[in-house]
Amino acid sequence: MRKFVNTVVIVPLALLLLAFALANRRLVMVSFNPFDPSDASLALTLPLFIVIIGAVMTGVLAGGLAVWFGQHRYRKAARRYEDEAAQARNELAELRRVAFSAAPSPAAPPALPPLAVTQDRHF
């Protein structure tokens, strides 16, 4: 299954990213000074594909973190329910142990009278 995923999804995606990188090799200046964008002291000169891929990766990371923090209460509830279930299983096992150890051994069932065997009559 993993080879199938590699072949169908990852290889074409890698080829697409490679083609994108080759098409966008031109250098661009990324400035971190909002007041004077032409100031070279707070700027980087990078190939365009690195800027775009870096921005996409930053967006995916920020979105993943937002979802992870947003699901905190659900993970907390799941942990609480798992603890309650484990406690209930332990309590059930203890109750079964006590019930089966305290119960008297079953005596032989009372003997039943033999069944009468009759013949079917066909009319």
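Residues numbered from 1 in each chain as written. Predicted model: local features only at pLDDT ≥ 70, side-chain atom pairs only at ≥ 80, totals over all residues. Heavy atoms only, no water.

### As for a nonpolar patch on the surface
Then step 1. Nonpolar side chains collect at one region of the surface, where M1, F4, V5, V8, V9 and I10 lie side by side and expose about 610 Å² of accessible area between them.
Then step 2. The class for V9 is partly exposed, based on a relative accessible area of 47%. (Patch = residues over 30% accessible without salt bridge, like charges linked within 9 Å, V, L, I, M, F, W, Y side chains within 5 Å. Areas by Shrake-Rupley, 256 points an atom, 1.4 Å probe, with all protein chains shown as cover. Salt bridge = Lys/Arg side-chain N within 4 Å of Asp/Glu carboxyl O. Buried < 20%, exposed > 50% of the residue type's maximum accessible area, 1.4 Å probe, protein only.)

### Side note on the packing of helix α1 (residues 2-23) against helix α2 (residues 48-70)
Then step 1. Axis separation between α1 and α2 bottoms out at 8 Å; the angle between their running directions is 135°. One way to sum up the angle between α1 and α2 is to call them oblique. Listed contacts from α2 to L17, F20 and A21 of α1 are F49, I52 and I53. (Axes fitted to C-alpha atoms, helices over the stretch in contact; angles between N-to-C directions. Helix = DSSP H or I, 4+ residues; strand = E, 2+ residues; numbered from the N terminus. Parallel < 35°, antiparallel > 145°, perpendicular 65-115°, else oblique. Contact = heavy atoms within 4.5 Å.)

### A few points about the packing of α2 against helix α3 (residues 72-102)
Then step 1. Look at α2 against α3: their axes get within 4 Å of each other, and the N-to-C directions meet at 45°. In terms of axis orientation, α2 runs oblique to α3. The segment α2 lies against α3, with W68, F69 and G70 engaging H72, Y74 and R75.

### What to know about the pattern of salt bridges
Then step 1. Scanning the model with the defined rule gives 2 salt bridges in all.
Then step 2. Taking the shortest distance from any N to any O, the salt bridge between R80 and E84 comes out at 3.8 Å. With R80 and E84 both in helix α3, this residue pair falls 4 residues apart, about one helical turn.
Then step 3. Of the residues examined, R80 reaches a relative accessible area of 43% and is grouped as partly exposed.
Then step 4. Exposure remark for E84: the relative accessible area of 42% places this residue in the partly exposed category.
Then step 5. For the salt bridge of R97 with E94, the shortest nitrogen-to-oxygen distance reads 2.5 Å. Linking R97 with E94, this pair stays in helix α3, spanning 3 residues, or about one helical turn.
Then step 6. According to the relative accessible area criterion, E94 is partly exposed, its value standing at 39%.

Any functional reading would require information that these geometric values do not contain.
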